[in-house]
Amino acid sequence: MNFTKMNGLGNDFIVVAHFETLPTDAAEMAKRMCDRHFGVGADGLVFILPSEHADVRMRIMNADGSEAEQCGNAVRCVAKYAFDHGLVSRTELTVETGAGLQRVWIETKEGRAHRVKVDMGAPILGGQAIPLAVDGEPIVEHPIQANGRDFCFTGVSMGNPHAVIFVDDAATFEVDVWGPPLEVHEMFPNKANIEFTSVISPKEMTMRVWERGCGQTYACGTGACATVVAGALTGRTDRTVLVHLKGGDLHIEWSEVDGHVYMTGPAEEVFTGHWGIR
Ligand SMILES: N[C@H](CCC[C@H](N)C(=O)O)C(=O)O
């Protein structure tokens, strides 16, 4: 099976584009192929499929075999793949995801997709919709305890669940210690992606992330969107913010016009390969 290895700011994916529908063993494929010792190695396995409603459809499996509703970095990679490999000929396209229909705008460089802007839709802020084990809207700075330590989180869904926790210095925070117990906390019926964020200024933040089904990743597009929404909801930031991630920067705008969150960042193709013995 041929695949293409891509990433968005180091959040890396194995991209497969020749299936008509999701393979029945997609979860097992993801676990084997994403393994960084016995497989190709990646945060996720991404399928580009035909769509009746959009130019292409994306379905994404996390490295643990769970399917995610949405993935911002992967949408940028899918858009780049579709443009560079001729699935679409326009620099404006739509990608169908588990969160709905994403409008995408591609900026090219030397004839290839370079930076991609995605309309990630409106954030979902209701407790039951995220989902959280508490109701209300929005859920802002809500107390939560993990392994005896007290935190406060703001709940945001971009189609997938996020808990944004503001800390003094995200770049040095012990993500691998506190991410795991929070990911599976009973507050999150479908588990959650956990963002640890520090504010540099109203227009700049640093974020690190423990992703549901993957662990700490170099970047999380939906997480960066959730982080800016939480920053604005808590009065810490404006609605247009540059988010510094481990793998690089994302430009995020939570529009006051349509209430949608717009994410702009790079997408990269690194190599192609063949899975299985020829
Ligand atoms: N692990 C996430 C999916 C990938 C999200 C992230 N890689 C992004 O760029 O948005 C989840 O289970 O919701």
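Residues numbered from 1 in each chain as written. Predicted model: local features only at pLDDT ≥ 70, side-chain atom pairs only at ≥ 80, totals over all residues. Heavy atoms only, no water.

Attention shifts here to the side chain of Asp84. As for its placement among the helices and strands, Asp84 is situated in helix 2 (residues 72-84). Asp84 has contacts with Arg112 and Ala113, leaving out every residue within four places of it along the chain. (Helix = DSSP H or I, 4+ residues; strand = E, 2+ residues; numbered from the N terminus. Contact = heavy atoms within 4.5 Å.)

Within this structure, the stated rule accounts for 6 aromatic pairs. Ring geometry for Phe19 versus Phe47: centroids 5.7 Å apart, planes at 70°, classification edge-to-face. Taken together, the residues Phe19 in the loop between strand 2 (11-16) and helix 1 (26-34) and Phe47 in strand 3 (residues 44-49) connect sequence positions 28 residues apart. Given the relative accessible area of 23%, Phe19 is considered partly exposed. Looking at Phe47, the relative accessible area reads 0%, which means it is buried. When the ring of Phe153 is compared with that of Phe188, the centres are 5.4 Å apart and the planes differ by 75°; the resulting orientation is edge-to-face. (Phe/Tyr/Trp six-rings, centres within 6.5 Å; stacked < 30°, edge-to-face > 60°. Buried < 20%, exposed > 50% of the residue type's maximum accessible area, 1.4 Å probe, protein only.)

On to the nonpolar core. The biggest cluster of nonpolar side chains holds 53 residues, and the ones touching the most others in it are Met58, Val104 and Ile252. With 8 residues, the single largest contributor to this core is helix 2. Taken together, domain 1 (2-119 + 265-274) and domain 2 (142-259) each give at least three residues to this core, which thus spans both. The contact partners of Val104, leaving out residues within four places of it in the chain, are Val75, Ala79, Thr91, Glu92, Leu93, Val95, Val116, Lys117 and Val118. Leu132, Phe151, Trp178 and Ala192 belong to the second largest nonpolar core, which has 21 residues in total. (Core = buried A, V, L, I, M, F, W, Y, C linked by side-chain atoms within 4.5 Å. Domains from an automatic or database assignment.)

Burial runs high along strand 17 (residues 261-266): 5 of the 6 residues are buried. Bridge count for strand 8 (residues 112-119) against strand 17 is 5 bridges, and the pairing is antiparallel. Across the sheet, residue Arg115 finds its bridge partner in strand 17, namely Pro266. (Pairing = 2+ DSSP bridges.)

We now examine the site of the ligand. Around the ligand lies a shell of 15 residues, among which Asn11, Glu211, Arg212, Gly221 and Thr222 are the nearest. In the environment of the ligand, an oxygen atom lies 2.9 Å from a nitrogen or oxygen atom belonging to the side chain of Asn160. Asn193 places a side-chain nitrogen or oxygen 2.9 Å from an oxygen atom of the ligand. Out of a free accessible area of 360 Å², the ligand has 99% covered by protein chains. Among the secondary structure elements, those contributing two or more residues to the shell around the ligand are helix 2 and helix 4 (221-233). (Near = heavy atom within 4 Å. Polar contact = N/O pair within 3.5 Å; in protein donor to acceptor, adjacent residues only side chain to side chain. Areas by Shrake-Rupley, 256 points an atom, 1.4 Å probe, with all protein chains shown as cover.)

In the numbering adopted here, UniProt assigns the feature "binding site: substrate" (unreviewed entry) to Asn11, Asn62, Gly72, Asn73, Asn160, Asn193, Glu211, Arg212, Gly221 and Thr222. Beyond its immediate sequence surroundings of up to four residues, Gly72 is in contact with Met120, Gly221, Thr222 and Met263. Within the fold, Thr222 resides in helix 4. We classify Thr222 as buried; its relative accessible area is 2%. (UniProt positions renumbered as here; feature names shortened; annotations may be inferred.)

The next point concerns the domain arrangement of the protein chain. As far as domains go, the protein chain holds domain 1 (2-119 + 265-274) and domain 2 (142-259). Each of domain 1 and domain 2 has a C-alpha centre, and the two are 23 Å apart. Buried surface at the junction of domain 1 and domain 2, summed over both partners, amounts to about 1,300 Å²; 48% is from carbon and sulfur atoms. The largest contributions to the domain 1 side of the interface with domain 2 come from Leu9, Glu69 and Gln70, which together make up 38% of the buried area. Inspection of the domain 1/domain 2 interface yields 1 salt bridge. (Buried area = accessible area lost by both parts, 1.4 Å probe. Salt bridge = Lys/Arg side-chain N within 4 Å of Asp/Glu carboxyl O.)

On to the environment of Trp254, then. Here Trp254 is to be found in strand 16 (residues 248-254). Along the backbone, Trp254 and Val46 are 208 residues apart, and their C-alpha atoms lie at a distance of 26 Å. For Trp254, the residues in contact, after removing those within four places along its chain, are Pro123, Val229, Ala232, Leu233, Arg239, Gly259, His260 and Val261.

Attention shifts here to helix 4. Between its first and last C-alpha, helix 4 extends 19 Å over 13 residues, near the 18 Å set by a 1.5 Å rise per residue. With respect to burial, helix 4 is a largely interior element, 11 of its 13 residues being buried. For helix 4, every residue scored as buried is listed here: Gly221, Thr222, Gly223, Ala224, Cys225, Ala226, Thr227, Val228, Val229, Ala230 and Gly231. Gly235 sits one or two residues past helix 4 and shows a positive phi near 75°. (Expected span 1.5 Å × (residues − 1).)

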